[in-house]
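# Summary of the model geometry
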Amino acid sequence: MAPPLETGSSTQNELEQDLARLIVESLRLEVLPASIDPSAALFGEGLGLDSIDMLEIALALSKRYGVELRSENRAALASLRALTAHIAQHRTR
Amino acid sequence: MRSIDSQIAPAPGRRAYTRARSTPAVYPLLTHDSPTCTIAWRQDRAYSVQEFLRSVWALASQLPAKQYALNLCRDRYHFAVGFAAALVARHISLLPTCRAAEPSQQLSQRYPDAYVLTDHDETEITLPQLRITEHVGGASGASGIPLIPTDRIAAIAFTSGSSGFPRAHAKSWGSLVLGAKALGRQFDLSSHPARTAVGTVPAQHMYGLETTVMLPLQWGWSLHAGNSILPADIRTDLEQLGSPAWLMTTPIHLNAYLSERTMLPGLEGIISATMPLARSVAQEAEHLWHVPVHEIYGCTEGGMLASRHTADGDLWTLCHELRMKHERDTTSVMGGHVGAWLQLTDRISMQNSREFLLLGPNYDLVKVAGKRASLAALNTALSRVNGVLDGTFYWPDQGRSGNGRLSAFVVAPGVTPAAILADLRKRIDPVFLPRPMYLVPTLPRNATGKLPHEQLETFADRVRHSARHLRG
């Protein structure tokens with residue numbers, strides 16, 4: 001496992017790792033959660049996820065964090081780091 | 001030279017043709033009762049038939065002098081304006097369901113006399129582009145209802161051929177209109193007032209085209225411009241809509257909205273297609289939303305072929321105008337909007353001349369999220385990936401279990417899974433990308449080099465088991 005990046009608070013890093021695991025598990029991706037570049041694009045380039053993936057991620061986020069994703073929050077899915085910031089701000093559990 | 005249809009219906013609201021036993025020579029673009037009827041909604045903004053027709057005529061007069069319009073609009077209203085304008089200008093709409101780089105390039109090469117109609121930046125395609133948003137919304141100009149010859153080719157839809165090249169299916173205007181009429185008869189729409197079709201499937205997909213564009217045009221309904229799929233977005237779309245709606249969707253989306261217990265206000269009906277819906281899911285949906293859940297069985301080549309009220313049972317009822325026959329393991333349909341005998345790619349058990357059971361796709365065929373591919377074609381694409389010595393896609397239990405996605409077993413010493421996926425992404429639609437992909441030392445090929453189905457299943461179980469074991 002790569003060491004967590006020294007940015008933000010430690011809870012932020014924990015959340016980022018949780019989210020990386022959530023993405024890998026809910027989409028059954030063949031990558032280690034720690035290998036996801038926090039600043040790389042999740043959709044399009046990078047992991048190259050599609051719209052069904054977006055639906056699956058939205059469901060997983062809703063179940064685990066009580067955050068309802070909308071297409072207007074698309075910027076939150078730009079990268080793992082953006083998603084972490086969005087969830088940290090809006091989570092209800 | 002650009003050619004614009006000058007044939008116009010005498011007045012909106014009056015039938016411009018008589019219903020004869022034989023197919024009429026023309027069908028009107030739309031059948032709404034008056035120019036003030038609503039034909040589309042975007043959020044809480046209603047578009048009238050007159051506004052729509054003005055945009056169609058204005059756009060049609062500005063289309064390039066080419067033969068094919070590659071309609072990539074994501075907004076359904078933009079799509080409909082582009083589709084209708086192309087039809088009026090005698091251009092054939094190309095409806096690709098995949099936007100990956102290689103298929104897009106193949107399409108550009110195959111149809112060099114094409115231009116792109118779009119409402120956003122298209123980066124994967126080199127054809128000349130026309131931004132439709134700049135041509136929609138004129139306040140004046142012609143607004144007659146175009147009459148379109150029945151035999152005019154309106155669209156070309158695509159399926160993936162086993163060779164790896166998309167196979168083209170031409171759709172005449174007559175077959176699209178007859179398909180929309182059949183759809184309405186199957187769901188008894190003549191006894192319903194006009195409603196709004198909200199879709200979670202793209203208009204470029206045959207099922208999306210039939211239920212969210214052709215149905216509204218031919219039954220006096222309106223279409224919802226949005227292309228939402230997320231539960232919160234669908235809920236907001238329905239809340240803002242000033243009209244009762246039907247949701248045209250798929251089991252994947254329906255399962256998601258059910259698991260979120262998404263409120264769907266103003267919904268009056270649900271239609272699902274692209275893959276079979278479990279009866280328990282249909283019953284749960286009817287219980288939660290108090291609306292009927294119907295299913296469509298069809299294919300890109302034939303459009304809608306049959307339907308069922310899923311909560312009642314597994315039997316499918318063939319469209320009224322169609323005939324079905326079963327010969328030597330294959331089933332074919334003909335008549336109505338289908339035309340001549342069409343051989344189906346599914347295994348079917350006919351119960352009588354009108355009803356049948358769907359047993360599943362033929363073994364070479366995979367269906368993910370409404371898209372169809374041949375395993376042979378996917379395997380060919382995989383074999384072209386740099387560094388791949390051997391490999392095969394695998395569909396556990398034909399998609400009935402798991403997440404419905406494909407997995408793959410690949411022999412590629414020294415190559416990373418990420419590099420293989422990046423290469424594959426350029427060659428195939430991303431819904432078929434393997435989830436997961438397993439790197440293995442060798443595949444269980446027999447002496448003749450084949451991969452027997454049973455052997456592959458045993459092998460897959462073993463690999464998946466040890467992968468789980470490794471992860472702990």
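Structure report, in brief. Bear in mind that the values here come from a model prediction, so they are computed numbers and not experimental data.

## Section: the overall build of chain A
In terms of regular secondary structure, chain A is built from 3 helices and 0 strands. Restricting the contact set of chain A to residue pairs at least 6 apart, pairs at least 24 apart contribute 59%. Accessible surface, chain A: about 4,800 Å² in total, of which carbon and sulfur atoms supply 52%.

## Description of the sheet that holds strand 19 (residues 330–335) of chain B
Whenever strands of a sheet pair, they do so through backbone hydrogen bonds, lying parallel or antiparallel. Residues and elements named next belong to chain B. The sheet built from 3 strands is open, its strands ordered 18-19-20 with antiparallel pairing. Each having just a single partner strand, strand 18 (323–327) and strand 20 (339–343) make up the two edges of the open sheet. Adjacent strand axes in the sheet meet at a mean angle of 20°, parallel and antiparallel pairs treated alike. One ladder, built from 5 bridges, connects strand 18 with strand 19; its direction is antiparallel. If you follow Glu 327 over to strand 19, its bridge partner there is Thr 330.

## Section: the interface of chain B and chain A
On the side of chain A, 22 residues touch chain B, which itself brings 23 residues to the contact. In total, chain B and chain A occlude about 2,100 Å² of area from one another, counting both sides; carbon and sulfur atoms represent 53% of this. Taken together, chain B and chain A are joined by 4 salt bridges. When the shortest N-O distance is used, the salt bridge between Asp53(A) and Arg405(B) registers 3.5 Å. Across the contact surface, chain B and chain A share 8 residue pairs in polar contact (both at pLDDT 80 or more). At 5 residues, helix 6 (residues 231–240) of chain B tops the list of elements feeding residues into the side of chain B that touches chain A. Residues of the side of chain B that touches chain A, tallied by class, amount to 12 nonpolar, 4 polar and 7 charged.

## Thoughts on the side chain of Thr262(B)
Relative to the assigned elements, Thr262(B) resides in the loop between helix 7 (251–259) and strand 14 (267–272). If we skip the residues at most four places from it in the chain, Thr262(B) touches Pro231(B), Arg235(B), Tyr257(B) and Trp289(B).

## Remarks on the environment of Ala88(A)
Residue and element names in this part refer to chain A. Mapped onto the secondary structure, Ala 88 falls in helix 3 (residues 80–90). Looking at Ala 88, the relative accessible area reads 37%, which means it is partly exposed. Considered as a pair, Ala 88 and Leu 15 are 73 residues apart in the sequence and their alpha carbons are 7.7 Å apart. The contact partners of Ala 88, leaving out residues within four places of it in the chain, are Gln 12 and Leu 15.

## Looking at unusual backbone geometry
Residues and elements named next belong to chain B. The linkage connecting Arg 435 with the following residue, Pro 436, adopts the cis geometry, with an omega of 0°. When you line up the elements, Pro 436 lands in the loop between helix 10 (417–425) and strand 27 (437–439). Even without glycine at this site, Gln 43 takes up a positive phi of about 50°. The residue Gln 43 is located in the loop between strand 2 (38–42) and strand 3 (45–48) in this model. Look at Gln 43 and you get partly exposed, because its relative accessible area is 48%. The phi dihedral of Thr 274 is positive, around 90°, even though this residue is not glycine. Examined against the element boundaries, Thr 274 turns out to sit in the loop between strand 14 and helix 8 (279–289). Thr 274 gets classed as buried once you look at its relative accessible area, which sits at 15%.

Definitions and limits used
- Residues numbered from 1 in each chain as written.
- Chains lettered and ligands numbered in written order.
- Predicted model: local features only at pLDDT ≥ 70, side-chain atom pairs only at ≥ 80, totals over all residues.
- Heavy atoms only, no water.
- Helix = DSSP H or I, 4+ residues; strand = E, 2+ residues; numbered from the N terminus.
- Contact = heavy atoms within 4.5 Å.
- Areas by Shrake-Rupley, 256 points an atom, 1.4 Å probe, with all protein chains shown as cover.
- Pairing = 2+ DSSP bridges.
- Axes fitted to C-alpha atoms, helices over the stretch in contact; angles between N-to-C directions.
- Buried area = accessible area lost by both parts, 1.4 Å probe.
- Salt bridge = Lys/Arg side-chain N within 4 Å of Asp/Glu carboxyl O.
- Polar contact = N/O pair within 3.5 Å; in protein donor to acceptor, adjacent residues only side chain to side chain.
- Nonpolar A, V, L, I, M, F, W, Y, C, P; charged D, E, K, R; others polar.
- Buried < 20%, exposed > 50% of the residue type's maximum accessible area, 1.4 Å probe, protein only.

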